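# Breakdown of the fold
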Amino acid sequence: MKSLWNSLELDPSREPLAGSEAPREVPWQSRYVDFNDQFLITEKIDGSRVGLHITRAAPESLAASPGHHVEVEGQSWLLQPMSPHRWLTRERDNFGFAAWAHASATQLVRLGTGRHFGVWYGQGITRTYGLDHRRLALFDAERWSHLPGLLSEQVETVPLIARARGPELSAAVEGALHQLEHSGSLAVPGQPAAGIEIAPQALEAVRFKATLNP
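Residues numbered from 1 in each chain as written. Predicted model: local features only at pLDDT ≥ 70, side-chain atom pairs only at ≥ 80, totals over all residues. Heavy atoms only, no water.

## Details of the packing of aromatic side chains
Defined as follows: The pairing test for Phe, Tyr and Trp rings, Trp by its six-membered ring, is centres within 6.5 Å, and the orientation test on the planes gives stacked under 30 degrees, edge-to-face over 60, and tilted for anything in between. Helix and strand definitions here come from DSSP, where helices need a minimum of 4 consecutive H or I residues and strands a minimum of 2 consecutive E residues; each element is numbered from the N-terminal end. Burial classification: accessible surface area is computed with a 1.4 Å probe over protein chains only, and a residue below 20% of its type maximum counts as buried, one above 50% as exposed, and the rest as partly exposed. Only Lys NZ and Arg CZ are tested; either one counts as a charge over a ring when it is within 6 Å of the ring centre and within 35 degrees of the ring normal.
Throughout the structure, instances matching the rule amount to five aromatic pairs. Ring centres 5.8 Å apart and planes at 35° place the aromatic pair Phe97 and Trp100 in the tilted group. One end of the pair, Phe97, and the other, Trp100, are both in helix α2 (residues 97–103), three residues apart, so they sit about a helical turn from each other. By relative accessible area, Trp100 is classed as buried at 10%. Consider the rings of Trp100 and Trp120, whose centres lie 4.8 Å apart with planes at 35°: the pair is tilted. On the criterion of sequence distance, the pair formed by Trp100 in helix α2 and Trp120 in strand β7 (residues 114–122) is long-range, its members being 20 residues apart. Taking the relative accessible area as the measure of exposure, Trp120 reaches 2% and is therefore buried. An aromatic cluster is defined as three or more aromatic residues linked by ring pairs; in this entry it consists of Phe97, Trp100 and Trp120. If you follow Arg207 out to its NZ or CZ, it ends over the ring of Phe139, 4.3 Å from the centre.

## With respect to the pairing of strand β8 (residues 134–138)
Operational definition: Strand pairing is assigned whenever DSSP identifies at least 2 bridges connecting the two strands.
Counting buried residues in β8 gives four out of five residues, a clear majority hidden from the surface. As judged from the five bridges shared by β7 and β8, these two strands associate in the antiparallel manner. Among the inter-strand pairings, Val119 is bridged to a residue of β8, identified as Ala137. Relative to strand β9 (residues 155–157), β8 is paired through three bridges, and the arrangement is parallel. When the bridges of β9 are listed, Leu138 appears paired with Thr157.

## Structural notes on the pairing of strand β3 (residues 48–56)
Every other side chain in a regular strand lies on the same face of the sheet, so the side chains alternate between the two faces. Within β3, seven of the nine residues are buried, which leaves it mostly tucked inside the rest of the structure. Across seven bridges, the pairing between β3 and β7 is antiparallel. Paired with Ser48 across the bridge in β7 is Trp120. Summarising the sheet, β3 and strand β5 (residues 75–83) pair through six bridges and their orientation is antiparallel. Bridging from a neighbouring strand, Arg56 pairs with Trp77 of β5.

## Thoughts on the confidence of the model for the protein
Convention followed: Each residue carries a pLDDT value, the predictor's own confidence for that position, ranging from 0 to 100. The contact criterion used throughout is that any non-hydrogen atoms of two residues lie within 4.5 Å.
Chain-level pLDDT for the protein is 84 on average; 81% of the residues reach the 70-or-more range. Confidence scores differ between elements of the protein, with helix α1 (residues 4–7) showing the lowest mean pLDDT of 44 and β8 the highest of 97. Below a pLDDT of 50 lies the segment residues 1–7, which in the model reaches 18 contacts outside its immediate sequence neighbourhood of four places, other chains included.

Okay, structure coming up:
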């Protein structure tokens, strides 16, 4: 097990998406995170980082919009799968994520408007976890402690292991790593765990990781 401060790394995949159609924010220095605030410690799942950009749209504007269009209960939605640095399509996919997202769009739009980031993992992706299928594990475990009903069975959240404020964070991280080292993955029981991720509760876009020795 690696020591905490030698193994924490900022996750670069949370950088702004190139070519984003979302409104641009005023450029400014990075936001502060109060070290006394709460941090969330979740299991790190080896897979491919992906996201969904979901918006409501007027039917007349859909033809000119890229992405997958779907109507649910009289409401028109636009769903755009993405990886950290590009939009995904069936022609330029990422381990079949875009194809799956399009096929599951009617269920996925129940997540609501906004950007939903996670990891696409399982069959044929990195360590595979012994799965014969693929799953989307959403990062925001606090927000999605209860996923919307009628959502695809392949959608879950990364397992939340602990919450800790800054002064207790080092001990909590060591404890979480120790737990996973002995119990294995919480996401896929019976499989070894890769490590943990740490995110300030007030700023989910910032994520750190601490890995276990293979």
